[in-house]
Amino acid sequence: MKFIKFTFILIFASIQLSYSQAPNNFEKMGIQAWMKGDFKGAVSLLEKAEATDANNPSVLKALGYSYFQVADYDKSITTYSKLINLKPNDYSAYYYRGKARLNLANSPKQNQAGLRESFYAASIKDFTKAIEINGEEDIQILQNRGIALKDYAIFKSYSIKKSAEKTACISMFNQSIADFQKVLVSQPLRKDIIDLVDYVKAQIVSLK
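Not measured: the values here are computed from a predicted model. (Residues numbered from 1 in each chain as written. Predicted model: local features only at pLDDT ≥ 70, side-chain atom pairs only at ≥ 80, totals over all residues. Heavy atoms only, no water.)

Topic: the overall build of the protein
Phase 1 of the analysis: Each helix and strand counted, the protein has 10 helices and 0 strands in total.
Phase 2 of the analysis: Burial status across the protein gives 47% buried among its 208 residues.
Phase 3 of the analysis: Long-range pairs, those at least 24 residues apart, make up 57% of the contacts in the protein with a sequence separation of at least 6.
Phase 4 of the analysis: Just so you have it, the protein exposes about 10,600 Å², and 55% of that area is on carbon and sulfur atoms. (Helix = DSSP H or I, 4+ residues; strand = E, 2+ residues; numbered from the N terminus. Buried < 20%, exposed > 50% of the residue type's maximum accessible area, 1.4 Å probe, protein only. Contact = heavy atoms within 4.5 Å. Areas by Shrake-Rupley, 256 points an atom, 1.4 Å probe, with all protein chains shown as cover.)

Laid out in structure tokens, this is it:
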């Protein structure tokens, strides 16, 4: 399971380092709350820390993750976007922004088709960028991109009107399978991933 936890460990290590070097009390207290798993408290404190130091990458990373944990995905996306502007090679920022966008796309409250589609596409782009920066060693990113491709293809399949649209859906389903199969290379006994592959293959058959 080391790959599954690798991204979180890196975030924890960088934020823990920031805690020991934090220049203001709000940052110190916010990161302390973050490390205790009090993400609601961390949000309140880290927002104040950001107000006094808007370009602090450690504050933005902890705040973006805290927003994600309390399911405030819009603010998580905004915060990670700020972090990416400061640190464009921080793959974990792309990863969690992608997860936040995917959660919004799949939210039952998200009933505008145009917004759902844009969130699906953006999440896939974020996961792809994270893989481009970090490689394919972290299978958690591959797994989440596979899920995003699957979900986007299912969403698109509901409104197929032309053969080209069907072809595009099948292509996304096949890309999803490819990501899941890469996960299985490292973890061949993952039944959840095997079941996902079977499910996606069944979706492809239903479109033919």
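Section: the packing of aromatic side chains
Phase 1 of the analysis: Across all of its chains, the model carries 11 aromatic pairs by this definition.
Phase 2 of the analysis: Seen from their ring centres, Phe-39 and Tyr-65 are 5.7 Å apart, and the 70° between their planes marks the pair as edge-to-face. Taken together, the residues Phe-39 in helix α3 (residues 39-52) and Tyr-65 in helix α4 (residues 57-69) connect sequence positions 26 residues apart. Both residues of the pair, Phe-39 and Tyr-65, count as buried.
Phase 3 of the analysis: Of the aromatic side chains, those joined through ring pairs into one cluster are Trp-34, Phe-39, Tyr-65, Phe-68, Tyr-73, Tyr-80, Tyr-95, Tyr-96 and Phe-127. (Phe/Tyr/Trp six-rings, centres within 6.5 Å; stacked < 30°, edge-to-face > 60°.)

Quick word on the nonpolar core
Phase 1 of the analysis: Grouped together as the largest cluster of nonpolar side chains are 57 residues, with contacts concentrated most on Leu-46, Ile-141 and Phe-173.
Phase 2 of the analysis: Apart from residues lying up to four places away in sequence, Phe-173 is in contact with Lys-150, Ala-153, Ile-154, Val-200, Gln-203, Ile-204 and Leu-207. (Core = buried A, V, L, I, M, F, W, Y, C linked by side-chain atoms within 4.5 Å.)

Remarks on the confidence of the model for the protein
Phase 1 of the analysis: The predicted model of the protein has a mean per-residue pLDDT of 89, with 88% of residues at 70 or higher.
Phase 2 of the analysis: Of all secondary-structure elements in the protein, the lowest mean pLDDT belongs to helix α1 (residues 2-21), at 49, while helix α5 (residues 73-86) reaches the highest, 98.
Phase 3 of the analysis: Low pLDDT, under 50, characterises residues 1-6; the predicted model gives this stretch 12 contacts beyond four residues in sequence or across chains. (pLDDT = per-residue confidence, 0-100.)

Focus: the packing of helix α6 (residues 91-105) against helix α8 (residues 139-157)
Helices that pack against each other are described as a pair by the angle of their axes relative to one another and the distance between those axes.
Phase 1 of the analysis: Where α6 meets α8, the axes come as close as 11 Å, and the angle between the chain directions of the two elements is 30°. Here α8 runs roughly parallel to α6, going by the angle between their axes. Seen from above, α6 lies across α8 with left-handed handedness. The segment α6 lies against α8, with Tyr-91, Tyr-95, Lys-99 and Leu-102 engaging Gln-140, Ile-141, Asn-144, Ile-147, Ala-148 and Asp-151.
Phase 2 of the analysis: For the contact of α6 with α8, the per-class residue count stands at 6 nonpolar, 2 polar and 2 charged. (Axes fitted to C-alpha atoms, helices over the stretch in contact; angles between N-to-C directions. Parallel < 35°, antiparallel > 145°, perpendicular 65-115°, else oblique. Left-handed = near helix turned anticlockwise from the far one by under 90°. Nonpolar A, V, L, I, M, F, W, Y, C, P; charged D, E, K, R; others polar.)

Some words on the pattern of salt bridges
Phase 1 of the analysis: Throughout the structure, instances matching the rule amount to 11 salt bridges.
Phase 2 of the analysis: Asp-126 is the partner of Arg-101 in a salt bridge, and the nearest nitrogen-oxygen pair spans 2.7 Å. With Arg-101 in helix α6 and Asp-126 in helix α7 (residues 113-134), this residue pair connects regions lying 25 residues apart in the sequence.
Phase 3 of the analysis: In this structure Arg-101 comes out as buried when scored by relative accessible area, which is 16%. (Salt bridge = Lys/Arg side-chain N within 4 Å of Asp/Glu carboxyl O.)

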